[in-house]
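Descriptive analysis of the structure
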Amino acid sequence: MTAVVDPERTEASTPVHSTADKATAVAPYTFLDYRTANVQDGQTQIPPLFRGIVEGLSVPKALPGTTAPKYRTLPTVLLYDDLGLELFDQITYVPEYYLTTSEIDILETKIQDIIAEIPDDSDVIELGCGSLRKTKILLDALNKQRTGITYYAIDVMPLPLHESMESLSPQLSNVSFVALCGTYEEVMSHFKKSTRRKTIIWLGSSIGNCTADEATTMLSGIVDDVLYEKDAVVIGMDLQKDPAIIMDAYHDSQGVTAAFELNALSHVNNIISAYAQQQQGLFDVDRFKYVGEYDDKIGRHNAYIEAQEDMILQWPQSVKPQVRDICGNADDLVFKCGDRIYIESSHKYGPGDANTLARATGLTHAAGWVDSRKYYSLNLFRKP
């Protein structure tokens, strides 16, 4: 596979013809890499993700909305390396994980209402596209009923992003495809100068991984920097319900969620090994387990990685100077059996939360759709 990376990030870039067999003609898509690690500025810098790992493991913090206890933390983005994205895709097929089937229910039954909100000659921008299993429903309808649509897929890892685009772009000849690789913060600058009508879609209740303040800050930034009058944002929001249903969704009987969460430790090992330029990582993954709890009062599921025994973890010698630069020391990390590392939260939303989000971000809550079980909602917000 040949990927074209545009370091200047211009609107015009060379298409990627995604095929291992060059004799086979397929529809092209454009690939742009916005990852900070791929921006060459001539200076040696500590990678932001390495910094986040060191800070989170060195300075315990209380969870949002609480004062105690305090936990070591890891950046949630560590869950989404190549293997993590593959495992998460598997999660969406386990019977307990109702979020995906609920969202598909809405997309299939309300698709005409949804695409009625998306005009011709506009951009559809997806935050965290994944495998495009759900997005395909939307793009199929747009391919048949709209003209001039450009679909932008945003995700953090290049290989799964290529695979998703390779699979779908040849099937939809009336839609133009662009892949943007990077975090939301890295990628959204791409759209600051574009005056085309935009619909941003944020599916999977990924907004639930943010605190209320984080979600407000992020959406407000998009509203101010990217959206113009009448532009829209479609957000999936998981609804509050029987806690047992929620707990089952994050503790599937096949153990896929546990493997997904624990893979974050393997990702840490890979990052530290690469930065240290040696094979030594930090964690022995088998000495930890996944634990999840639902806080019914807050409406939030919290995911942790828990030590199964007492242990002492040591930073590789070659990275200790950088660790000291970040947090002032390179002390060993002492874990007692039962100590936890916080990795992510999944907020569940109640009546009125969509309107509250709209008011806080300068948007209007223009439309909303729920699935047949009333487990989940899709919400359309518009910039007035």
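Above this note sits the structure.
A few words now on the packing of aromatic side chains. Inspection of the entire model under this criterion finds 14 aromatic pairs. Ring geometry for Phe50 and Tyr275: centres 4.4 Å apart, planes at 45 degrees, overall tilted. Residue Phe50 is found in helix 1 (residues 48-58), and its partner Tyr275 is found in helix 10 (residues 256-276); the two are separated by 225 residues along the sequence. Taking the relative accessible area as the measure of exposure, Phe50 reaches 1% and is therefore buried. Grouped by ring-pair contacts, the aromatic residues Tyr80, Phe88, Tyr97, Tyr250 and Phe260 constitute a single cluster. Above the plane of the ring of Phe335 lies Arg72, whose end atom (NZ or CZ) is 4.3 Å from the centre. Lying over the aromatic face of Tyr304, Arg340 brings its terminal NZ or CZ to 4.9 Å of the ring centre.

Okay, the packing of helix 8 (residues 212-225) against helix 12 (residues 353-361) next. Interhelical geometry of helix 8 versus helix 12 gives an angle of 55 degrees and a closest axis separation of 9 Å. Taken together, helix 8 and helix 12 sit at an angle that is classed as oblique. Between helix 8 and helix 12 the crossing geometry is right-handed. Contact residues: helix 8 offers Thr216, Leu219, Ser220 and Val223, while helix 12 offers Leu357, Ala360 and Thr361.

Structurally, the position occupied by Leu357 is in helix 12. Spatially, the C-alpha atom of Leu357 lies 25 Å from that of Tyr342, the residues being 15 residues apart in sequence. The residues contacting Leu357, other than those within four sequence positions of it, are Ile207, Thr216, Leu219, Ile235 and Phe381.

With that out of the way, let us pick up empty space enclosed by the protein. Per the counting criterion, the structure on display carries one cavity of 30 Å³ or more. By volume, the largest cavity amounts to about 70 Å³. In terms of lining, the largest cavity is formed by Leu107, Ile114, Ile118, Lys134, Thr135, Leu138, Ile201, Leu203, Val234 and Leu378. For the lining of the largest cavity, the residue count by class is eight nonpolar, one polar and one charged.

Thresholds, definitions, all that
- Residues numbered from 1 in each chain as written.
- Predicted model: local features only at pLDDT ≥ 70, side-chain atom pairs only at ≥ 80, totals over all residues.
- Heavy atoms only, no water.
- Phe/Tyr/Trp six-rings, centres within 6.5 Å; stacked < 30°, edge-to-face > 60°.
- Helix = DSSP H or I, 4+ residues; strand = E, 2+ residues; numbered from the N terminus.
- Buried < 20%, exposed > 50% of the residue type's maximum accessible area, 1.4 Å probe, protein only.
- Lys NZ or Arg CZ within 6 Å of the ring centre and 35° of its normal.
- Axes fitted to C-alpha atoms, helices over the stretch in contact; angles between N-to-C directions.
- Parallel < 35°, antiparallel > 145°, perpendicular 65-115°, else oblique.
- Left-handed = near helix turned anticlockwise from the far one by under 90°.
- Contact = heavy atoms within 4.5 Å.
- 1 Å grid on protein atoms, 1.4 Å probe; cavity = no way out; pocket = protein on both sides within 12 Å on 5 of 7 lines; lining within 4 Å.
- Points joined across faces, edges and corners; volume = space filled by probe spheres on them.
- Nonpolar A, V, L, I, M, F, W, Y, C, P; charged D, E, K, R; others polar.

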